[in-house]
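# Geometric and topological summary
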Amino acid sequence: AGGAGAERPQVVSHVQQALSYTLFDCKWVPRSARLLCLGSAARGTGVLQLYELRAGRLALLREIEKAKPIKCGTFGAASLQQRYLATGDFAGSLNVWNLEAPEIPVYSVKGHKEIINSIDGVGGLGIGEGAPEIVTGSRDGTVKVWDPRQKDTPVANMEPVQGESKRDCWTVAFGNAYNQEERVVCAGYDNGDIKLFDLKTMSLRWETNIKNGVCSVEFDRKDVNMNKLVATSLEGKFHVFDMRTQHPTKGFASVSEKAHKSTIWQVRHLPQNRDIFMTSGGAGSLHLWKYEYPAQRSKKDSEGAEMGVAGSVSLLQNVTLSTQPISSLDWSPDKKGLCVCGAFDQTVRVLIVTKLNKV
């Protein structure tokens, strides 16, 4: 096993930077050595910091204060030329910022009645076909899709039907954006519900429940035919759904893994290899996983309907970095193995994951 162990990826903490505020999200700025930290200052205002990775340290380039704490951000709906950042804040506002002139947002809408917990973008950065769109999920129970070229009104609004109790939406993600027409949004809720909304037909395409609050969902890639979806939960389990084959009654095949002793806050797939993903845990640990496909991904049931077959997951590496939850995670889209994570010990860490081409 010694030889095999030497080939395993290692997760190396490259730089760490203490912060003076609560960090909720961190993001690489596309096509740069820069990263953003988003959070909440002690006095209840929002903080946005821009850092640059320089010779093994983080240099602070800019710090901006906003009226309300910032919970989440995405570059996913921006062009590579503009690289506008979309953020969701504690007041329920969606703002889009030009980081070169961040005083006033280039787009702003009071999207939700309560905090925006999660945000995702598609159609920008050369990722995914179709319009540049932003999805927001909120404590108010609604999931809304926005096109920043249209003022004030969402292009889609997924809310509880009459008489249905509203659930806190903790996580949202785009997928299936492989042509101009197709697009889905996946949303996870505090009661374990996972819902897949088809934006082409404006209907609920599939739903399931994983019996525990859904902290994070992510498709392995946004710009392909739906392939895999990972959902992480409050009690340390994650589920990988094979989204290639949807059975009329059974839905999607899945495999689950009890990974962390506590909450799995985040899942992020490696942009350069969609079968490798990292999960971050409540006890300050990161786990690196690989998904293995089964010999055949689908089979026929007794009625002759196609149903999916789940694969398996293997743990490539794990490392404990903090005593506090690692609440945000982002792989560099440009440099394979470069990663940033933020934890509740008010520290941002830049990591290098080695030997990813060996797995």
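It should be noted that the structure appears before, not after, this text.
Note that the coordinates shown come from a computational prediction; the quantities given were computed from them, not determined experimentally. (Residues numbered from 1 in each chain as written. Predicted model: local features only at pLDDT ≥ 70, side-chain atom pairs only at ≥ 80, totals over all residues. Heavy atoms only, no water.)

To continue, consider the overall build of the protein chain. Counting its regular elements, the protein chain contains one helix and 30 strands. Computed over its C-alpha atoms, the radius of gyration of the protein chain comes to 19 Å, within 12% of the 21 Å expected for a compact globule of 359 residues. Referenced to the eigenvectors of the C-alpha coordinate spread, the extents of the protein chain come out at roughly 60 × 60 × 35 Å. Relative to its 359 residues, the protein chain shows a buried fraction of 57%. As presented, the protein chain carries roughly 15000 Å² of accessible surface, and 47% of it is formed by carbon and sulfur atoms. Taken as two groups, the 44 positive and 38 negative side-chain charges of the protein chain have centres that lie 4 Å from each other. (Helix = DSSP H or I, 4+ residues; strand = E, 2+ residues; numbered from the N terminus. Rg over C-alpha atoms; globule rule 2.2 N^0.38 Å. Buried < 20%, exposed > 50% of the residue type's maximum accessible area, 1.4 Å probe, protein only. Areas by Shrake-Rupley, 256 points an atom, 1.4 Å probe, with all protein chains shown as cover. Lys, Arg positive; Asp, Glu negative; His and termini not counted. Charge placed at Lys NZ, Arg CZ, Asp CG, Glu CD.)

This part takes up the side chain of Asp-198. Its location among the elements puts Asp-198 in strand E16 (residues 193-198). The class for Asp-198 is buried, based on a relative accessible area of 9%. Those residues in contact with Asp-198 that lie beyond four places of it in its chain are Arg-183, Val-184, Ser-203 and Arg-205. (Contact = heavy atoms within 4.5 Å.)

Taken in spatial order, the four strands of this open sheet run E6-E7-E8-E9, and their pairing is antiparallel. This sheet does not close on itself; its edge strands, each paired only once, are strand E6 (70-74) and strand E9 (107-110). For this sheet the average axis-to-axis angle between neighbouring strands, irrespective of direction, equals 20°. As paired strands, E6 and strand E7 (residues 85-89) are joined by four bridges and run antiparallel to one another. (Pairing = 2+ DSSP bridges. Axes fitted to C-alpha atoms, helices over the stretch in contact; angles between N-to-C directions.)

Backbone hydrogen bonds are what pair the strands of a sheet, in a parallel or an antiparallel way. One open sheet accounts for four strands, arranged E1-E30-E29-E28; its pairing is antiparallel. Strands at the two margins of the open sheet, each flanked by one partner only, are strand E1 (11-18) and strand E28 (326-331). Each strand of the sheet is rotated relative to its neighbour by a mean of 20°, with strand direction disregarded. Of the strand pairs in this sheet, strand E29 (residues 338-343) and strand E30 (residues 347-353) are connected by six bridges, and their pairing is antiparallel. From the neighbouring strand, Cys-339 faces E30, where its bridge partner is Leu-351.

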